[in-house]
Amino acid sequence: MTVLIQENSFDMGRVLNEFADRLSGAGAVVSFSGIVRDIATEDLRAMEIEHFPGMTERALLAIRDDAVARFFLIDALILHRFGTLTAGEAIMMVATAALHRTDAFDGAVYLMDYLKSRAPFWKKEITERGGRWVEAQERDEAALRRWSQG
Amino acid sequence: MLDIRYFAWLRERLGTERETVQTTAETVLDLVAELRGRGDAYAVVFADLAAIRVAVDQELGGLDTPISDAHEVAFFPPMTGG
């Protein structure tokens, strides 16, 4: 499976090893994992992640296929969790495989940039003061614009 | 009949995640205009359209996206994945 959307935690080492084991001809594998971090000013009790079942799968597959075509990837994987997570837990990971390292790195960055603001996930931080929806950042849109210029 | 879905703070403010409406709206913007008339909560949620994203049949769209043949329109805030 190249796109995984799940509530359960995952073992990033195992996911990466399984990804790498089924490759053939790759000279480079890159992976990135996103971790729930504590908020600097208050205690984060939980991070709730909502998504749009159905559209999420379609969006992630499209992003993954775009990355494969654009960076000549041999394979690419996206795993993203939903539900209630706590600080220190892994939210998501991507992995890319290519002939050469530049394409593998660029492909992973591209996947991350599109996951940030083009996949239907919404994060809500839960603290002792209550819940607060995480706002999208202008820098995430700026990161996307980079890929459409030249 | 058209299915409408709401996510994140829109879902919370409206107190519903899904509803079915009878509409003759031709575009997303027409639909928004109709929904605004459904009550105060809708007027608040759809006050600032720059803060809202839309998907028509699970594809990202815009205010001018046609919906005459659509089955489902979803409204939500800018996405925060990753």
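Residues numbered from 1 in each chain as written. Chains lettered and ligands numbered in written order. Predicted model: local features only at pLDDT ≥ 70, side-chain atom pairs only at ≥ 80, totals over all residues.

Before going further, it helps to examine the interface of chain A and chain B. The partner chain B presents 13 residues to the 21 residues of chain A that form the contact. Sorting the residues of the side of chain A that touches chain B by element identifies helix H2 (55-70), helix H3 (101-118) and strand S7 (121-127) of chain A as the ones contributing at least two each. For the side of chain A that touches chain B, a count of residues per class yields 12 nonpolar, four polar and five charged. (Contact = placed C-beta atoms within 7 Å. Helix = DSSP H or I, 4+ residues; strand = E, 2+ residues; numbered from the N terminus. Nonpolar A, V, L, I, M, F, W, Y, C, P; charged D, E, K, R; others polar.)

This brings us to the packing of H2(A) against H3(A). All names here are of chain A. Two elements in contact, H2 and H3, have axes whose closest approach is 10 Å; the angle formed by their N-to-C orientations is 155°. Viewed along their axes, H2 and H3 adopt a mutual orientation that is roughly antiparallel. For the pair H2 and H3, the sense of crossing is right-handed. For the pair formed by H2 and H3, the contact residues are Ala59, Ile63, Ala67 and Arg70 on the first element and Gly107, Tyr110, Leu111, Tyr114, Leu115 and Arg118 on the second. Residue composition of the contact of H2 with H3, grouped by class: seven nonpolar, one polar and two charged. (Axes fitted to C-alpha atoms, helices over the stretch in contact; angles between N-to-C directions. Parallel < 35°, antiparallel > 145°, perpendicular 65-115°, else oblique. Left-handed = near helix turned anticlockwise from the far one by under 90°.)

Attention now goes to the sheet that holds strand S4 (residues 75-81) of chain A. Where strands meet in a sheet, backbone hydrogen bonds hold them as pairs that are either parallel or antiparallel. Residues and elements named next belong to chain A. Read from one edge to the other, the open sheet built from four strands follows the order S1-S4-S6-S2, with strand pairing classed as mixed. Every other strand in the sheet has two partners, leaving strand S1 (3-6) and strand S2 (28-35) as the edge strands with one partner each. Neighbouring strand axes in the sheet, compared pairwise and without regard to direction, differ in orientation by 5° on average. Bridging between S1 and S4 involves four bridges; their strand directions are parallel. Directly across from Gln6, in S4, lies its bridge partner Arg81. (Pairing = 2+ DSSP bridges.)

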